[in-house]
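Structural overview for review
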Amino acid sequence: MATAPREHFTSRTGFVLAAIGSAVGLGNMWRLSYLTAEKGGAAFALLYLVFTAAVGVPVMLAELTVGRGAQRSPIAALAHFGSAAWKPLGALFVLAGFVILAYYGVIAGWTLRYAGAAVAGGLPEDAGAYFGEVSEGWDAFAFHVVFMAATIFVVSGGVRRGIERAAEVMMPTLFVIVIGIAVYASTLDGASAGYRYYLNVDFANVLDWDVIVAAAGQAFFSLSLGMGAILTFASYLGRDHDLPNEALLIAGADFGVAFLAGFMVFPLIFALGLQGAVIGQDTGTVGALFIALPSAFAEMGTAGRFVGTAFFVALIVGALTSAISLLEVVVAAAMDGLGWERPRAAVVLGGLITALGGLAAWRVDVLDAMDTLANNVFLIGGGLGLAVFCGWVMRDASGEAHAGSGAVR
């Protein structure tokens, strides 16, 4: 077993930014705003906040509590507060991080490709055909490898010099880019129609069962719960951290970034006349981010080149911060359970994840299957299992959660 002292975040700001970075990813940059617009506008956003407060924050607090209390990664942490019988639940967290990062790296590689295209000479006008060419095969695999190499590099640097330092640079950068594009979009003709669509209020719609399920699911998945990322980051905290306060801050910031993304995307969609191609269609995240919007950026000429570059850079930043947290779950487990040094764990396990992602890089249907397995089995099973663990197995979970509670620092 490893005997080196456990690293810790040097500041509350560094930890919070890293945790927010884990939550804010590619799906969150589009999915929440899309669901908000389609399923009741501001009324859906309110419903989402209710589920976040009722379900998301408590599960996040459970992960924070177990991680900080044990000062170990998921497998060792659950064994510490429970018994060896709970190791499989910790292993589920690690497996979730492994599988999700494998296909997530492929999608992130697409954003690298599009950002490079925007910088080099502008995005292609026939974005649909272009996406079909670059989403599978050697191109997809090559950019997947580049993205994974960057992720491995950051995680190899450790908590302070790698994860915390990257979060302190990348998250403010993401905020600035999103706000900048939102401000630019507000100046375009037709932007007001985008705001009206995004912020429509339809309380009748949110009473629909499908809408309720969508809000609950978004609240759970958008906070990176059930995959051990928050638990692992919490294991690098001291006991002076106010965990309930941290959970509320992270959840609030995660919602804020995702909701703000709607003020970036929907004014662009309406100003550029894309509502027919995106709204009400089964385009999902892929269709909007890699087909509809790139086509519009190409038609904008020089301005589209700059806006498109900034847009995809924002996606890259969001993807990288999430990928770092996923790899850290796997790396921390190897360090705690196998006694591996961090660089070895990052390179070996990152390489294996990259290899598994190769399957998704060559077949989009494999990517979809991996995503379905992770969302419907790993994350839900992990989150519910941890809730049971804290509620019925862990002794004095409430006392551990409130140790260090006090004024906001």
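Quick note: structure is the one above.
In this text, all values refer to a predicted model and were calculated from it rather than measured experimentally.

The rules behind the values
Residues numbered from 1 in each chain as written. Predicted model: local features only at pLDDT ≥ 70, side-chain atom pairs only at ≥ 80, totals over all residues. Heavy atoms only, no water. Helix = DSSP H or I, 4+ residues; strand = E, 2+ residues; numbered from the N terminus. Rg over C-alpha atoms; globule rule 2.2 N^0.38 Å. Buried < 20%, exposed > 50% of the residue type's maximum accessible area, 1.4 Å probe, protein only. Contact = heavy atoms within 4.5 Å. Lys, Arg positive; Asp, Glu negative; His and termini not counted. Charge placed at Lys NZ, Arg CZ, Asp CG, Glu CD. Patch = residues over 30% accessible without salt bridge, like charges linked within 9 Å, V, L, I, M, F, W, Y side chains within 5 Å. Areas by Shrake-Rupley, 256 points an atom, 1.4 Å probe, with all protein chains shown as cover. Salt bridge = Lys/Arg side-chain N within 4 Å of Asp/Glu carboxyl O. Axes fitted to C-alpha atoms, helices over the stretch in contact; angles between N-to-C directions. Parallel < 35°, antiparallel > 145°, perpendicular 65-115°, else oblique. Nonpolar A, V, L, I, M, F, W, Y, C, P; charged D, E, K, R; others polar. Phe/Tyr/Trp six-rings, centres within 6.5 Å; stacked < 30°, edge-to-face > 60°. Lys NZ or Arg CZ within 6 Å of the ring centre and 35° of its normal. Left-handed = near helix turned anticlockwise from the far one by under 90°.

From N to C terminus, the protein chain includes 18 helices and 0 strands. Expected size for 409 residues packed as a compact globule is a radius of gyration near 22 Å; at 21 Å, the protein chain falls within 12% of this value. In terms of overall dimensions, the protein chain has a C-alpha envelope of 60 × 50 × 35 Å along the principal axes. Split into buried and exposed, the 409 residues of the protein chain put 55% on the buried side. The contacts in the protein chain between residues at least 6 apart in sequence include a share of 85% that link residues at least 24 apart. Separation of charge centres in the protein chain, based on 19 positive and 28 negative side chains, amounts to 12 Å.

Further remarks concern the environment of Gly256. Along the chain, Gly256 turns up in helix α12 (residues 243–271). Between the C-alpha atoms of Gly256 and Ser192, which are 64 residues apart in sequence, the distance is 20 Å.

This paragraph deals with the environment of Glu125. Looking at the element boundaries, Glu125 is found in the loop between α5 (87–120) and α6 (127–134). Considered as a pair, Glu125 and Leu32 are 93 residues apart in the sequence and their alpha carbons are 27 Å apart. When sequence neighbours within four positions are dropped, the list of residues in contact with Glu125 reads Ser295 and Ala298.

With that settled, the discussion passes to a negative patch on the surface. Side chains of Glu125, Asp126, Glu133 and Glu299 sit close together on the surface and give a patch of like negative charge. Overall, the relative accessible area of 64% leaves Glu125 in the exposed class.

Tallied over the entire structure, the rule returns 8 salt bridges. Here Asp139 and Arg113 are joined by a salt bridge, their closest N and O atoms 3.2 Å apart. Taken as a pair, Asp139 in helix α7 (residues 138–156) and Arg113 in helix α5 lie far apart in primary sequence, 26 residues in all. A salt bridge links Glu400 to Arg239; the nearest nitrogen and oxygen atoms lie 2.8 Å apart.

To continue, consider the packing of helix α3 (residues 42–70) against helix α4 (residues 74–81). Running from amino to carboxyl end, α3 crosses α4 at an angle of 85°, the nearest separation of the two axes being 9 Å. One way to sum up the angle between α3 and α4 is to call them roughly perpendicular. Every residue of α4 that contacts α3 at Thr65, Val66, Gly69 and Ala70 is listed here: Ala77, Leu78, His80 and Phe81. Within the contact of α3 with α4, the residues separate by chemical class into 5 nonpolar, 3 polar and no charged.

Before going further, it helps to spend a moment on the packing of aromatic side chains. Applying the stated criterion across every chain yields a total of 20 aromatic pairs. Both rings, one in Tyr197 and one in Phe270, keep their centres 5.6 Å apart while their planes meet at 40°; by these two values the pair is tilted. Taken as a pair, Tyr197 in helix α9 (residues 191–198) and Phe270 in helix α12 lie far apart in primary sequence, 73 residues in all. Within the aromatic cluster, the residues linked to one another by ring pairs are Tyr48, Tyr195, Tyr197, Tyr198, Phe255, Phe259, Phe263, Phe266 and Phe270. Looking at Arg344, its charged tip hangs above the ring of Trp340, at a distance of 4.2 Å from the centre.

At a minimum axis distance of 7 Å, the contact between α9 and α12 shows a crossing angle of 130°. The angle between the axes of α9 and α12 places the two elements in the oblique class. Between α9 and α12 the crossing geometry is right-handed. Contacts between α9 and α12 involve Ala191, Ala193, Gly194, Tyr195, Tyr197 and Tyr198 on the former and, on the latter, Ala258, Phe259, Gly262, Phe263, Phe266, Pro267, Phe270 and Ala271. Of the residues contributing to the contact of α9 with α12, the split by class is 12 nonpolar, 2 polar and no charged.

All we've got here are geometric facts, nothing functional implied.
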